[in-house]
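Okay, here's what each chain looks like letter by letter:
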Amino acid sequence: MQFFDRKRETESLQQIQNQSLQHAQFTVLTGRRRIGKTSLVFHAYKEQPFLYFFVSKKAESELCEGFQKEMETKLGMPMLGRVIRFADIFEYIMQLAKQRPITLFIDEFQEFLKVNPSVYSDMQRIWDVNKNEAHINLIVGGSVQSMIHKIFEDKKEPLYNRQTAMMKLNRFTPSVLKEILSTFNANYTADDLLALYSFTGGVAKYVELLMEKGATTRHKMIEAIIQPDSIFLSEGKNLLIEEFGKDYGIYFSILSAIATGHSQRSQIEDLVNREIGGYLSMLEDTYGIIRKHKPMFSKTNSNVRYRLDDNFLSFWFRFIFKYNYMMEIDAFDALRDIVERDYETFSGKMLERYFKDKLIEEKQFTQIDNWWSRNGEDEIDLIAINELTKKAVFYEIKRNEKELDLPLLEQRTNTFLVSTRELKKYAISSAGLSMRDM
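Residues numbered from 1 in each chain as written. Predicted model: local features only at pLDDT ≥ 70, side-chain atom pairs only at ≥ 80, totals over all residues. Heavy atoms only, no water.

A closer look at the pattern of salt bridges
Counted by the stated rule, this structure contains 31 salt bridges. With its nearest N and O atoms 3.2 Å apart, the salt bridge here joins Glu9 to Arg8. The exposure class assigned to Arg8 is exposed, which follows from its relative accessible area of 54%. A salt bridge links Arg436 to Glu401, with the nearest nitrogen and oxygen atoms 3.2 Å apart. Of this pair, Arg436 sits in the segment after strand S11 (427-433) while Glu401 sits in the loop between strand S10 (391-397) and helix H19 (406-419), placing them 35 residues apart in sequence. (Salt bridge = Lys/Arg side-chain N within 4 Å of Asp/Glu carboxyl O. Buried < 20%, exposed > 50% of the residue type's maximum accessible area, 1.4 Å probe, protein only. Helix = DSSP H or I, 4+ residues; strand = E, 2+ residues; numbered from the N terminus.)

As structure tokens, then:
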């Protein structure tokens, strides 16, 4: 598939490479698995050779053998003898970078923890001693985000704060998803676009897999995802089990509860039958998978809701994890029927996320959130505020525009305005959004 978007990130990587000609650069590239980190680096440096080291679960000596071959191919300067320690390879590269500029990308960098944890302290020593003279552009990245952040942000770790740049790769925005879908299906519908957004969340690899399969409509996407050989079926487990370790069962139960609509802590604890405060904190602060939401301008934590911040995982826990027993007996047709049956309810919530992302991308507002009353009876789907122009827009969002109830929205807006002082001098307006506005 052709390369879409990432212009800003590509330019940043190219600028960093230019800076490395004067001063050593150490960039940490973060982002969830399948987001396109490796593809981005290959795209940014496609015009010139660079060293690519992939850290797999092998013995250190085996990894070094592969790294040596890469160096011989790209640099034309073989190391003498067999090297069994990565520290020796890294030191050789740093010394060589004093004579010629070198770009080195180390992928799945966190895997050194399993190969040989002392690699990080060796790298710290070699980097600190040689960086002032070396013209090296070092980039490291990995798919286990909690480990990557620990390596570089924990003060106890040897590589703490050694990076010169921290770049996070985000999901595709709504406008990019439109561009991609129109490239593969010029006659796509709003429902097709919403399905692509709902199932993939803008994660590059998921979008690529569907487009390459010709799954450019809602029904074809569901059919492609719910197949015996589909990587989507095991993706949620593969994505998270290494992050969570031995406690993954508890985390999965919590995420499944949230994905099926149980957004309050008490509701989740009733389902998993245990106290979960520490697990919720880990899911939010360490893993970045859920987010704690409060009604706009709320000053307390007494009316909190939790939400999965990843569209694909919301889908996976809502349908794949929940109905895993069906796949065990090859009931794929039945599972597809369930997804089709419940799709409108599921995608209705996703439509709210879509419009929030769309407003964020358009950059016309300084704050965007939603609101609900303490008893949960009143709710406003989106409130968008511009603090500079002193304007606030209240939105109701429905899949079908005929279901929009603007008088009810106005009533709820008035209820909200009575309870807050923040918008007293703002110009207030309201609007309805449906799939026609995507």
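Focus on the side chain of Thr30
Note that Thr30 resides in strand S1 (residues 25-30). When residues no more than four places from it in sequence are discounted, the contact partners of Thr30 are Lys37, Ile148, His149, Met166, Met167, Lys168 and Leu169. (Contact = heavy atoms within 4.5 Å.)

Examining the layout of surface pockets
Estimated volume of the second largest pocket: approximately 470 Å³. Taken together, 20 residues line the second largest pocket, and the ones lying closest to its centre are Arg34, Gly36, Ser39, Lys205 and Glu208. Elements with a contribution of two residues or more to the lining of the second largest pocket: helix H2 (37-44) and helix H10 (204-212). Within the lining of the second largest pocket, the residues separate by chemical class into seven nonpolar, five polar and eight charged. (1 Å grid on protein atoms, 1.4 Å probe; cavity = no way out; pocket = protein on both sides within 12 Å on 5 of 7 lines; lining within 4 Å. Points joined across faces, edges and corners; volume = space filled by probe spheres on them. Nonpolar A, V, L, I, M, F, W, Y, C, P; charged D, E, K, R; others polar.)

Some details on the packing of helix H16 (residues 311-321) against helix H18 (residues 332-362)
Contact pair H16 / H18: the axes reach a minimum separation of 11 Å and the direction vectors enclose 145°. Once H16 is placed against H18, the crossing between them reads as right-handed. Contacts between H16 and H18 involve Asn311, Ser314, Phe315, Arg318, Phe319 and Ile320 from the first element and Leu335, Ile338, Val339, Asp342, Phe346, Met350 and Arg353 from the second. For the contact of H16 with H18, the per-class residue count stands at eight nonpolar, two polar and three charged. (Axes fitted to C-alpha atoms, helices over the stretch in contact; angles between N-to-C directions. Left-handed = near helix turned anticlockwise from the far one by under 90°.)

Some remarks on the packing of aromatic side chains
This model, assessed by the stated rule, comprises 41 aromatic pairs. Seen from their ring centres, Tyr52 and Phe105 are 5.5 Å apart, and the 35° between their planes marks the pair as tilted. Of this pair, Tyr52 sits in strand S2 (residues 51-54) while Phe105 sits in strand S3 (residues 102-107), placing them 53 residues apart in sequence. Judged by relative accessible area, which is 0%, Phe105 ranks as buried. Ring centres of Phe53 and Phe67 lie 4.2 Å apart, and the angle between their planes is 10°; this geometry places the pair in the stacked category. In this pair, Phe53 is assigned in strand S2 and Phe67 in helix H3 (residues 60-75), connecting sequence segments 14 residues apart. Exposure remark for Phe53: the relative accessible area of 0% places this residue in the buried category. (Phe/Tyr/Trp six-rings, centres within 6.5 Å; stacked < 30°, edge-to-face > 60°.)

What about the nonpolar core?
Of all hydrophobic cores here, the largest spans 94 residues; its most connected members are Leu210, Leu240, Phe244, Ile254, Leu255, Ile290 and Phe317. It is H18 that contributes the most residues to this core, eleven residues altogether. Not counting residues up to four positions away in its chain, the partners in contact with Leu255 are Leu240, Phe244, Leu283, Ile289, Ile290, Leu308 and Phe317. (Core = buried A, V, L, I, M, F, W, Y, C linked by side-chain atoms within 4.5 Å.)

Considerations on the environment of Asn130
Summarising the element assignment, Asn130 is placed in helix H6 (residues 118-130). Note: C-alpha distance between Asn130 and Met326 (196 residues apart in sequence) is 57 Å. With residues up to four places along the chain from it excluded, the contact list for Asn130 reads Met94, Gln95 and Lys98.

Some details on the sheet that holds S1
With parallel pairing, the five strands of this open sheet are ordered in space as S2-S3-S4-S1-S5. Taken across any chain shown, the strands that pair with only one partner, and hence form the sheet edges, are S2 and strand S5 (165-168). In this sheet, adjacent strand axes meet at a mean angle of 20° when their direction is disregarded. Strand direction decides the pairing type here: S1 and strand S4 (residues 136-141), joined by five bridges, are parallel. By the bridge assignment, Val28 is partnered in S4 with Val140. (Pairing = 2+ DSSP bridges.)

Things to note about the pairing of strand S9 (residues 379-386)
With eight of eight residues buried, S9 lies mostly within the body of the structure. Pairing between strand S8 (residues 367-372) and S9: five bridges, direction antiparallel. Directly across from Gln367, in S9, lies its bridge partner Ile385. Between the antiparallel neighbours S8 and S9 lie six residues, among them Gly376 with a positive phi of about 80°. Pairing analysis gives five bridges linking S9 to S10, with the strands arranged antiparallel. Opposite Ile385, over in S10, you have Ala392 as the bridge partner. In sequence, S9 turns back onto S10 through a hairpin of four residues, with Lys390 there showing a positive phi of about 60°.

Interpretation note: all reported values are geometric properties and have no functional meaning in isolation.
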